[in-house]
Amino acid sequence: MAFQLDQIKQNRDSNSKPINSIEVMLSKEVVVLKKPFSNKLKEDFYTELSVLINAGITLKQALELISSSQKDKRTKAILHDILQRIIGGLSFSEAINTYKEFSNYEYHSIKIGEETGSIAEITEQLGSFYAKKNEQRRQLINALTYPVIILSTAILVVIFMLQFVVPMFQDIFKQQNVELPAITLFVIKLSNLIQTYGWLFLIGILSVLVLSAFVKNKQWYKRIKTAILVKIPFIGNFMKTVYLSQFTQSMMLLTASKVPIVDSINLVKKMIDFYPLTKALNAIETNVIQGNSLSSSLEKHKLFDNRMIALVKVAEETNQSEYIFGRLNTLYSSKVQNSSKTLSNLMEPFIIIFIGVFVGFILIAMYLPMFKLSSLI
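A brief structural summary. Along every chain, residues carry numbers that run from 1 in the direction the sequence is written. Local features in a predicted model are, by the rule used here, given only for residues with pLDDT of at least 70; side-chain atom pairs are given and counted only at 80 or more, and totals for whole chains, interfaces and linings are based on all residues. Heavy atoms from the whole structure form the basis of all side-chain values; hydrogens and water molecules are not counted.

**Observations concerning the side chain of Ser 264**
Within the element layout of this structure, Ser 264 appears in helix α12 (residues 261-271). By definition, residues are in contact when any of their heavy atoms lie within 4.5 Å. Residues within four places of Ser 264 in sequence aside, it is in contact with Met 251, Leu 254 and Val 259. In DSSP terms, a helix is any run of H or I states spanning at least four residues, a strand is any run of E spanning at least two, and both are numbered starting from the N terminus.

**Let's talk about a nonpolar patch on the surface**
A patch consists of residues exposed above 30% relative accessible area that lack any salt bridge, with like charges linked at up to 9 Å and nonpolar side chains (Val, Leu, Ile, Met, Phe, Trp, Tyr) linked at up to 5 Å. Each accessible area is a Shrake-Rupley result for a 1.4 Å probe, and residues are judged covered by the shown protein chains and nothing else. One side-chain nitrogen of Lys or Arg within 4 Å of one carboxyl oxygen of Asp or Glu is enough to make a salt bridge. Where nonpolar side chains cluster on the molecular surface, the patch consists of Leu 193, Tyr 197, Trp 199, Leu 200, Phe 201 and Ile 203 and spans about 610 Å² of accessible area. With respect to the helices and strands, Phe 201 occurs in helix α9 (residues 182-215). Residue Phe 201 is classed as partly exposed on the basis of its relative accessible area of 47%. For each residue, the accessible area found with a 1.4 Å probe, counting protein chains only, is set against the maximum for its type, and the residue is called buried under 20%, exposed over 50%, and partly exposed in between.

**A short note on the pattern of salt bridges**
Applying the stated rule across the entire model yields 7 salt bridges. Between Asp 72 and Arg 74 there is a salt bridge, and its shortest N-O distance comes to 3.5 Å. Assessed through its relative accessible area of 26%, Arg 74 is described here as partly exposed. Between Arg 138 and Glu 135 there is a salt bridge, with its nearest N and O atoms 2.9 Å apart. Of the two residues, Arg 138 and Glu 135 are both situated in helix α8 (residues 119-176); the distance of 3 residues between them amounts to about one turn of the helix. With relative accessibility at 33%, the residue Glu 135 sits in the partly exposed group.

**Here we look at unusual backbone geometry**
Of note in the backbone geometry, Asn 319 takes a positive phi value of approximately 60° without being a glycine. Tracing the backbone through its elements, the reader meets Asn 319 in the loop between α15 (306-318) and α16 (321-376). Residue classification places Asn 319 among the exposed residues on the basis of a relative accessible area of 69%.

**Some points on the side chain of His 301**
If you trace the backbone, His 301 turns up in the loop between α14 (294-298) and α15. Relative accessible area serves as the criterion here: at 19%, His 301 is assigned to the buried category. Sequence-distant contacts of His 301, defined by excluding residues within four places in its chain, comprise Ala 280, Ala 283 and Ile 284.

**Some remarks on α15**
Along its 13 residues, α15 runs 18 Å from first to last C-alpha, staying within 8% of the 18 Å computed at 1.5 Å per residue. Taken as a whole, α15 has its buried residues at Met 308, Ile 309, Val 312 and Ala 315. Each buried residue of α15 sits inside an arc of 120° when the element is viewed along its axis, so together they form one side. Exposed side of α15, more than 90 degrees from the buried face: Asn 306, Arg 307 and Glu 317 are the residues found there. The positive-phi residue at the C-terminal boundary of α15 is Asn 319, with phi of around 60°. The length a helix should cover is 1.5 Å for every residue beyond the first. The directions considered for the arc run from the helix axis to the C-beta atoms.

**Notes on the packing of aromatic side chains**
For Phe, Tyr and Trp, where Trp contributes only its six-membered ring, two rings pair if their centres lie within 6.5 Å, and the inter-plane angle classes them as stacked under 30 degrees, edge-to-face over 60, or tilted in between. Summed over the entire model, instances satisfying the criterion amount to 9 aromatic pairs. Consider the rings of Phe 129 and Tyr 130, whose centres lie 5.0 Å apart with planes at 80°: the pair is edge-to-face. Phe 129 sits in the buried class, given a relative accessible area of 0%. Pairing Tyr 243 with Phe 274 gives two aromatic rings, centres 4.3 Å apart and planes at 5°, and the pair type is stacked. One end of the pair, Tyr 243, is in helix α11 (residues 235-256); the other, Phe 274, is in the loop between α12 and α13 (275-289), with 31 residues separating them in the sequence.

**Regarding the nonpolar core**
If you look at the biggest cluster of nonpolar residues, it comprises 70 residues, and the most contacted ones within it are Phe 45, Ile 82, Phe 92, Phe 102, Phe 247, Leu 294 and Phe 304. No other element matches α11, which puts 10 residues into this core. By size, the runner-up hydrophobic cluster in this structure holds 13 residues, among which are Val 158, Leu 162, Val 166 and Ile 188. The nonpolar core is taken to be a set of buried Ala, Val, Leu, Ile, Met, Phe, Trp, Tyr and Cys residues, with the residues joined through side-chain atoms within 4.5 Å.

**A look at the environment of Ser 293**
Among the secondary structure elements, Ser 293 is positioned in the loop between α13 and α14. Residues Ser 293 and Val 312, spaced 19 residues apart in sequence, show a C-alpha to C-alpha distance of 9.6 Å. Here the side chain of Ser 293 touches Ser 295 through a polar contact of 3.3 Å, side chain to side chain. Counted as a polar contact is a pair of N or O atoms within 3.5 Å, where, for protein atoms, one must be capable of donating a hydrogen and the other of accepting one, and residues adjacent in sequence contribute only when both atoms are in side chains. At 2.8 Å, the side chain of Ser 293 and the side chain of Ser 296 are in polar contact.

Here is the structure:
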C-alpha cells in the first residue's frame, strides 16, 4: 500500500461527482463476503493513515489518498464506501463499524481517538499492533516451515520405501524361502498395511482438512485443536508466549487510551483467537466485575506466569498499567524471538535423527535376511 500526495487535488475533483448509491451498495456486498482486509493490509492502512494525519491532512483527504492507491478492487470499494459514509455525516468509527472486516477493538479504539482528539496516535498504535502481530506470525511460520518440510519429506520417503522398496525385497525372500526375523516380519506387515489401506489414510487426511475448514470457528474445534497443540513439546510453550505477547500489547494500547479494565478485557478476548486465553479472559472478566483485582483474577489461571501477575499487581498499586503492560510486551516479544530461533534449532536435529532411525530401521530389517541368504549360499 502506498500513497501519493499529488493526488489530493485529483481526488477532490472526483468527489464533486454525484454518488451512485446503487453502485456503492453492490460493491459493498461483494467485498464484505470475501473480507479483503488482512492483518498485513491493516498494518499498512493504519500506519499510512497516521502518517497522513500527522502531516496535517484531513481524515477525508487521507482516506481518498489511500483508496486511490489500492490495486485490489474489493479493498478499494470498501474504502470508497467508508469515505462516502463519512461525507454523509457518520464518524470514522461508525463508518467502519458496519463492516465485519474491522473488529470491535478497532471500532472502540478509533471512537476513543475521535472523542479525545487523538486519532493520529490511535491509528499509529493500531498500526504498531498489527505490525507486531504480523511479525510474530512470520516468526512462527519461519520457525516451523523448515522442520515441517523436512518431516513431510521424511514421511514421504518412508511411505515410498514401504510401498515400493519393501515389496521388492519381500518377493526375493519368498523366492529363496528364507526364514525372516521378527523385525523384518514387522516391516513387511507395515508395508502390506500401507498397500492395502494407504488410500483410506489419504482420504481420511483430506477429509480432516476439508472438515476443519468448515468447523474452524466452532468453539469445540478450537478447544480440541489447542488442547493438542499446547501439549506438543516446545511448540505448545511457544504458542502460549506468542499469544501472551499479543495480550500484553493489546492491554498496553487499551490502557493508554484510558479504556476501563472490564471493557479492555472484553475487547481483547474478541481480538485474540486462542481458546485457552479466551476462556481465561471470560472468567477474569466475571471476577473483575464482581470486585476482584486483575492480578488476583489472573492468579487463578495457569496460563499467566508469576512474573506477569506480580507486575500487574504493581501496576494496580502504582497506577502505571500502560508502562507495566508495555514492559511485559517487550519481555514477551523478546522471548518470542528467542524461542522461535531455539525451536527451529532444536527441531532440525530432532527430525534428522527421526529420519535416520526410521529409515535405518527399515534398511536393517530388509538386509538382515540378505546377510542370512548370502551365508547360506
